[in-house]
2 protein chains.
Amino acid sequence: MSLTQLVEDFSALLGPGGVLTGEDVSSRAAGIWRDDFIEAAAILRPKTTEQVSSILKRCHEAGQPVVTHGGLTGLVEAAITQPADLVLSLERMNAIQAVDTSGRTMTAEAGTPLQAIQDEAEEHGLQFPLDLGARGSCTIGGNISTNAGGNRVFRYGMTRAQILGLEAVLADGTVVSSMNEMLKNNAGYDLKQLFIGTEGTLGVVTRAVLRLQPAARSHQAAMVACKGFSDVVMLLNELDADFAGTLSAFEVLWPDFYQMVTSERSGNSKPLGDYPIYVLLDTLGSDQDADKSRFEDVLGSKLESGLIVDAVIAQSKKEIDELWRIRDSVSEVFQWGPAMIFDVSLPIAAMKAYEHQVMSQWRADFPNGHFISFGHIADGNLHFAASVGEDNEANRTVIEKTLYEPLGAIGGSVSAEHGIGLEKKHLLASCRTPAEITIMKTLKQTFDPNNILNPGKVFDI
Amino acid sequence: MSLTQLVEDFSALLGPGGVLTGEDVSSRAAGIWRDDFIEAAAILRPKTTEQVSSILKRCHEAGQPVVTHGGLTGLVEAAITQPADLVLSLERMNAIQAVDTSGRTMTAEAGTPLQAIQDEAEEHGLQFPLDLGARGSCTIGGNISTNAGGNRVFRYGMTRAQILGLEAVLADGTVVSSMNEMLKNNAGYDLKQLFIGTEGTLGVVTRAVLRLQPAARSHQAAMVACKGFSDVVMLLNELDADFAGTLSAFEVLWPDFYQMVTSERSGNSKPLGDYPIYVLLDTLGSDQDADKSRFEDVLGSKLESGLIVDAVIAQSKKEIDELWRIRDSVSEVFQWGPAMIFDVSLPIAAMKAYEHQVMSQWRADFPNGHFISFGHIADGNLHFAASVGEDNEANRTVIEKTLYEPLGAIGGSVSAEHGIGLEKKHLLASCRTPAEITIMKTLKQTFDPNNILNPGKVFDI
């Protein structure tokens, strides 16, 4: 069957507005942070799981590549298309179907924006704790397909931990409905794991049952400074015990990053002077007065013991937001021109030496470059950014080699939370064994034998 | 190759003490709570992952069934063997290989008892929060293979949530080493999920990287009474917010259960009089004085609002243990003769009606029977026990029908935490769809094409 014929058939199947072609395709950005546009034969916009199933069945039979689109906020080119691909956009499957306040679950279609889910939970006095900068654009289906991380992983876990049940459609159109609502269900294999974090290569997520949490009633935050990275690790372990169950973020900022995000240009204030290393920490609790007093007491004791050498405690919601804005001003790195932003993970015990090695090598290789490092260290997750003037291939190769090459030997990962997509495909073998990659390919060939679902992403078959 | 020849070859491979046969096999109980004995051609006791790999490779080629044994504490006959099976026991792979106090991880071989892991964590000022009654006998490999639940799932999650990395051996001897140590790693598919909760049917878990938590510094517990189940649900939701992040258990006891476990015969005291329903609740915090005072204040406010009608707060570690002993005196049900103990899960919203329906029907069917109900309701998990005199097949069929039949329609599960094994195999189709079971079988056939790993468990191929 020709692609033209397929698109015509899908127009009939999906009705008015169901299929976009021509300029309606090419006028859409290929990603919300990209300046190129979607190239694809058509964008299919089903409204139901049954329609998704019909589309995939036909594409499976025809060997037609399909790339599923959520909010296009990914950072590793996992949603990039070729001109002869079909885009399956879940933008019209965006209903919140149910909220169960006794079981504290929400059932939502995959195209629902994360922000809408957070808002709906809040209206019921609950929260959906997954949170990331792209919350207004990203969809829960995309969050699931990429196992999104974000700001509260340390406390609540990655997206995987928030998903109780899932409905997905396999390449051949089979609908797999595993819409479990319970925390405990050991009746047979937990099939939803096949679709979480596999970047749309094993199936299309259409609906999910989400675990909700009680809304936090109090919020404390502080920026503190330490004498060095070893103290930061000790501080993390002490605070996690001190703030039992309520420590929600522990973000480390090295000085180059701190200077950049508190420069006059940034518009942020500079809460602390010059120190070897900084931590933004955050707790979510239940009793504002008691929690605030405890927060101050605990930080006071760390000042006394010398584990922290300076601290600023936010005194209001506004001041909490200001501290977070410092941490979130990563885009300041673009003041020096094009910049590359990286996402790796590694054991905390190896971080100090690794960060030092990468930054020293970069500075030696590019004396005029700008480099910053920061991270969710409690999650084993470091981010780096590098700006060396022109963003050409030769520079990128040198910079990436310095960053990625040491990871294999120390048990690190080339992708902490962004995934593999196309951008990191060449790096997969540096942190996963041949046996692991063989098993990934076996899963792909088993569930998508015609290689139609997001083909060429994560690995090549 | 004959089974005799295989056993001889494995004796050579594993050396002295590596293979048990004859009385060394038949004198071992088939399970720690069973009164029958292991029937199998031999028990293989490898010491290394390489030996496990060699064994499986040979068995794969020979089509020889292999049943992996951990601590034999399972409750659904998932480790039962046939006379011509080989048992692969991981009892000599029981080393704790590493503890990383900065990353707060532990690396342990699969045969390590859970208790040894808990103790080792404690020695480092940390805790491994997975906890169940069988802690002294069960092994971490078994906990992983069955995705064990237990007493602290509400706070810390099932075993799945405690596992960062895993090493497993496939049926054909391929060693899959995914010994990740980070909370965040999105580099390709998360293959460890294939081996968690699949009851030894897709591979043999040989090692794991475990996530450790800070040790709790304070512990509060109380037994409270409510006017009815709806109040219990409201109480759960309020307390989860009130005790932000520290509520660790919320165990519901219906009156028949409460009477049984506080009878004179039980040796337990009776902390509260007669009420419609009871809750044992438990928090783990960081500051004994502050947490105790908050615990009392919060429960006081619930008494004032009428959400709870009576309460006893434990005043010491001894009193906490006494409250838990009440909850754990389930074996009192055997005072009336043989008893069946059940484990199901269902949405909290459906629990009140379901519990009432099951208990009423049982009492109508067996006017002289004894029936109790209790559960980890926050996890959606209810347990029931039924004692109706003789434990014959006819009784069991009637009793099970009443319990399991309603679950499908309300989105419940025939196994919350025990798994499927052999015992619940006939029930799998009542709570999983045909498409789901087909996919389970596809996974099994893909990774164990000769059906040698724990064959006939969970489902038939």
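Residues numbered from 1 in each chain as written. Chains lettered and ligands numbered in written order. Predicted model: local features only at pLDDT ≥ 70, side-chain atom pairs only at ≥ 80, totals over all residues. Heavy atoms only, no water.

**A closer look at the overall build of chain A**
Worth spelling out the cut-off: A run of DSSP states H or I qualifies as a helix once it reaches four residues; a run of E qualifies as a strand once it reaches two. Both are numbered from the N-terminal end. Classification of residues uses two cut-offs on accessible area relative to the type maximum, computed with a 1.4 Å probe and protein chains only: under 20% is buried, over 50% is exposed, and between them is partly exposed. Whether two residues are in contact is decided by their heavy atoms: any pair within 4.5 Å suffices. In this charge count, Lys and Arg are treated as positive and Asp and Glu as negative; neither His nor the chain ends contribute. Every charge is mapped to an atom, namely NZ of Lys, CZ of Arg, CG of Asp or CD of Glu.
Counting its secondary structure elements, chain A contains 15 helices and 18 strands. Summarising its shape, the C-alpha atoms of chain A cover approximately 75 × 55 × 40 Å along the three principal directions. Burial status across chain A gives 59% buried among its 461 residues. Long-range pairs, those at least 24 residues apart, make up 70% of the contacts in chain A with a sequence separation of at least 6. Taking the average place of the 37 positive charges on the side chains of chain A and the average place of its 59 negative ones, the gap between the two points comes to 3 Å.

**Considerations on the relation of the copies chain B and chain A**
How we decide: The least-squares superposition of copies is restricted to C-alpha atoms, and to residues with a pLDDT of at least 70 in both copies.
When chain B is fitted onto chain A, the two copies agree to an RMSD of 0.0 Å after a turn of 180 degrees and an axial shift of 0.0 Å. Both copies of the chain, as the preceding transformation shows, are related through a two-fold rotation axis. Every residue of chain B has its C-alpha some distance from the rotation axis, and the shortest such distance is that of Gly245 of chain B, at 2.2 Å. Of the interface residues in chain B, 100% have counterparts in chain A that sit at the interface too, so the contact is made through matching surfaces.

**Considering helix 10 (residues 288–305) of chain A**
Residue and element names in this part refer to chain A. Here is the rule we go by: Multiplying 1.5 Å by the helix residue count minus one yields the expected span of that helix. This arc is taken over the directions from the axis of the helix to the C-beta atoms.
Compared with an ideal rise of 1.5 Å per residue, which puts 18 residues at 26 Å, helix 10 spans 26 Å between its outermost C-alpha atoms and is within 8% of the ideal. Within helix 10, burial applies to Phe295, Val298, Leu299 and Lys302. Along the long axis of helix 10, the arc covered by the buried residues comes to 95 degrees, so they all point the same way. Exposed and facing more than 90 degrees away from the buried side of helix 10 are Asp289, Asp297 and Glu304. Following helix 10 by one or two positions, Gly306 adopts a phi angle in the positive range, close to 85 degrees.

**As for the nonpolar core**
Side chains of a nonpolar character, in soluble globular proteins, are inclined to be buried together. Stated precisely, the cut-off is as follows: Residue types Ala, Val, Leu, Ile, Met, Phe, Trp, Tyr and Cys, when buried and joined through side-chain atoms within 4.5 Å, form a set referred to as a nonpolar core.
Grouped together as the largest cluster of nonpolar side chains are 222 residues, with contacts concentrated most on Phe250, Trp362 and Phe384 of chain A together with Phe250, Trp362, Phe384 and Leu443 of chain B. Beyond its immediate stretch of four places on either side in the chain, Phe250 of chain A contacts Val232, Leu235, Leu236, Leu239, Val279, Leu280, Leu281, Gly375, His376, Ile377 and Ala378 of chain A.

**Here's the deal with unusual backbone geometry**
Of note, Arg104 of chain A is a non-glycine position whose phi angle comes to about 55 degrees, a positive value. One can find Arg104 of chain A in the loop between strand 5 (96–100) and strand 6 (105–109). Taking the relative accessible area as the measure of exposure, Arg104 of chain A reaches 5% and is therefore buried. Non-glycine residue Glu77 of chain B carries a positive phi angle of around 60 degrees. Structurally, Glu77 of chain B can be placed in the loop between strand 3 (66–69) and strand 4 (86–89).

**Quick notes on the packing of helix 8 (residues 229–242) of chain A against helix 12 (residues 348–365) of chain A**
Residues and elements named next belong to chain A. This is how it is decided: Convention adopted: a line fitted to C-alpha atoms gives each axis, helices being fitted over their contacting stretch, and angles between N-to-C directions are expressed from 0 to 180 degrees. With respect to orientation, any angle under 35 degrees is reported as roughly parallel, any angle over 145 as roughly antiparallel, any angle of 65 to 115 as roughly perpendicular, and every other angle as oblique. Crossings are assigned a handedness: left-handed for a near helix turned anticlockwise from the far helix by less than a right angle, right-handed for a clockwise turn.
Interhelical geometry of helix 8 versus helix 12 gives an angle of 155 degrees and a closest axis separation of 10 Å. Of the possible angle classes, the one that applies to helix 8 and helix 12 is roughly antiparallel. Crossing angle aside, the handedness with which helix 8 passes helix 12 is right-handed. Of the residues in helix 12, those in contact with Phe229, Ser230, Val233 and Leu236 of helix 8 are Ile348, Met351 and Lys352.

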